[in-house]
Amino acid sequence: MQHMRFFAVAALLAGLAWALPALSQDEMERVPNTVFPSPQRSEATFKHDEHNDKAGLFECGVCHHGETDGKADPTFETPGQPCVECHPVEGAPGRTPLMRAYHRQCVGCHHDAGNGPLTCGECHN
Ligand code: HEC
Ligand code: HEC
Ligand code: HEC
Ligand code: HEC
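The structure contained in this document is the topic of the report that follows. (Residues numbered from 1 in each chain as written. Chains lettered and ligands numbered in written order. Predicted model: local features only at pLDDT ≥ 70, side-chain atom pairs only at ≥ 80, totals over all residues. Heavy atoms only, no water.)

**Digging into the coordination of the iron atom of ligand 1**
For a metal bound by four donors in a tetrahedral arrangement, the ideal donor-metal-donor angle is 109.5 degrees, while six donors in an octahedral arrangement ideally sit at 90 or 180 degrees. This is how the line gets drawn: Note that water is not among the atoms considered, so a metal site may appear incomplete; the donors listed are N, O and S atoms within 2.8 Å of the metal, with 3.2 Å applied to Na, K and Ca. By the criteria applied here, four donors are tetrahedral when all angles lie between 85 and 135 degrees, four are square planar and six octahedral when opposite donors are over 155 degrees apart and every other angle lies between 65 and 115, and any other arrangement is irregular. The way it works is that DSSP assigns letters per residue, a run of H or I at least four long becomes a helix, a run of E at least two long becomes a strand, and they are numbered from the N terminus. When accessible area is computed with a 1.4 Å probe and restricted to protein chains, residues below 20% of their type maximum are described as buried, those above 50% as exposed, and intermediate ones as partly exposed.
Around the iron atom of ligand 1, the protein contributes the donor atoms His-103 (NE2) and His-124 (NE2), at 2.0 Å from the metal centre. Here the iron atom of ligand 1 binds six donor atoms, and the angle range of 88 to 180° at the metal identifies the geometry as octahedral. Of this pair, His-103 sits in helix α3 (residues 98-113) while His-124 is found in the segment after α4 (120-123), placing the two residues 21 residues apart along the sequence. Under the relative-accessibility criterion, His-124 is labelled partly exposed at 27%.

Dropping the structure here:
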């Protein structure tokens, strides 16, 4: 009986491991807000791949920039590195705090492009 249970658990774990890669950006529909201690709004709508296809954004570094000499560097791409690692929620000396970083990036581009949502409820819905 004991080994039967082992196999059932092993099969379950194998199934989960198989399902995990499917939870990558392919499936991202909203920007996670779990790093904010007490979120005031719903997570912003953002169908990662679909959004980027529609908007014609093929350079990951447009959003996932790296850092050179304390400045954002789009040629040094950091896809998958959470924004909060460089933009703490409360900010830090010389660092744009996380909420402002998101708003500048998302709303800033929509504003400049004359396309994409600008009002709170269009993203936080
Ligand atoms: C283009 C999309 C977009 C628009 C427009 C936008 N936001 Fe956000 N906002 C985000 C993203 C992305 C985050 C980061 C995490 C998340 O909420 O998904 C965020 C985070 C926040 C946060 C911090 C997390 C929380 O829930 O407490 C607040 C507060 C917030 N937004 C309020 C606003 C308000 C108020 C407006 C309108 C003046 C607004 N946002 C407009 C995309 C947007
Ligand atoms: C319009 C902006 C934008 C573009 C362009 C973009 N991403 Fe993202 N991506 C995001 C945001 C925002 C997140 C969430 C970041 C966070 O949680 O800190 C994210 C998250 C990710 C994640 C983590 C997924 C997860 O579920 O944790 C990966 C991997 C990723 N992006 C890869 C890419 C790759 C590869 C490209 C280029 C083909 C790309 N991204 C282009 C905005 C963008
Ligand atoms: C490897 C570190 C790093 C990562 C990861 C990173 N950034 Fe940055 N970012 C910087 C640095 C350094 C600057 C310049 C100093 C500052 O304003 O914080 C910057 C600047 C910015 C600015 C310009 C602020 C302004 O005043 O106009 C925005 C917007 C921004 N980042 C958004 C994001 C978003 C959104 C993500 C995640 C998709 C992200 N950053 C990921 C390092 C990073
Ligand atoms: C570099 C430019 C750029 C950045 C950065 C950007 N967007 Fe967009 N976004 C667009 C454009 C362009 C459209 C309009 C696409 C179309 O429908 O033609 C758009 C459309 C949208 C839409 C409408 C639905 C859709 O998917 O077409 C949502 C929601 C949205 N953006 C959310 C976000 C959020 C949240 C962020 C930040 C995490 C973000 N965007 C960052 C350019 C950008």
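**A few points about the coordination of the iron atom of ligand 2**
Surrounding the iron atom of ligand 2 are the protein donor atoms His-48 (NE2) and His-64 (NE2), which sit 2.0 to 2.1 Å from the metal. Here the iron atom of ligand 2 is ringed by six donor atoms whose angles at the metal span 86 to 179°, and the overall shape comes out octahedral. Separated by 16 residues along the polypeptide, His-48 in helix α2 (residues 48-55) and His-64 in the loop between α2 and β1 (65-68) bring together distant segments of the chain. A relative accessible area of 14% means that His-48 is categorised as buried.

**Remarks on the site of ligand 1**
The following threshold applies: Note on terminology: near, applied to a residue and a molecule or strand, indicates that one of the residue's heavy atoms is within 4 Å of it. Each polar contact in these results corresponds to two N or O atoms within 3.5 Å; when the atoms are within protein, one needs to be able to donate a hydrogen and the other to accept it, and residues that are neighboring in sequence are counted only if both atoms are side-chain atoms. Residues are grouped as follows: Ala, Val, Leu, Ile, Met, Phe, Trp, Tyr, Cys and Pro are nonpolar; Asp, Glu, Lys and Arg are charged; all remaining types, including Gly, are polar.
Gln-40, His-103, Cys-120, Cys-123 and His-124 are the nearest of the 22 residues found near ligand 1. With respect to ligand 1, the backbone of Gln-40 contributes an N or O atom lying 2.7 Å from an oxygen atom. Backbone polar atom of Ala-44 to an oxygen atom of ligand 1: 2.9 Å apart, as the coordinates give it. Looking at the shell around ligand 1, the elements with two or more residues in it are α3 and α4. The class makeup of the residues in the shell around ligand 1 is 13 nonpolar, seven polar and two charged.

**Details of the side chain of His-110**
Cut-off, in case you're wondering: Contact criterion: two residues are considered in contact whenever any of their non-hydrogen atoms come within 4.5 Å of each other.
Along the chain, the position of His-110 falls in helix α3. When near neighbours in sequence (up to four residues on either side) are disregarded, His-110 contacts His-51, Asn-115, Gly-116, Pro-117 and Leu-118.

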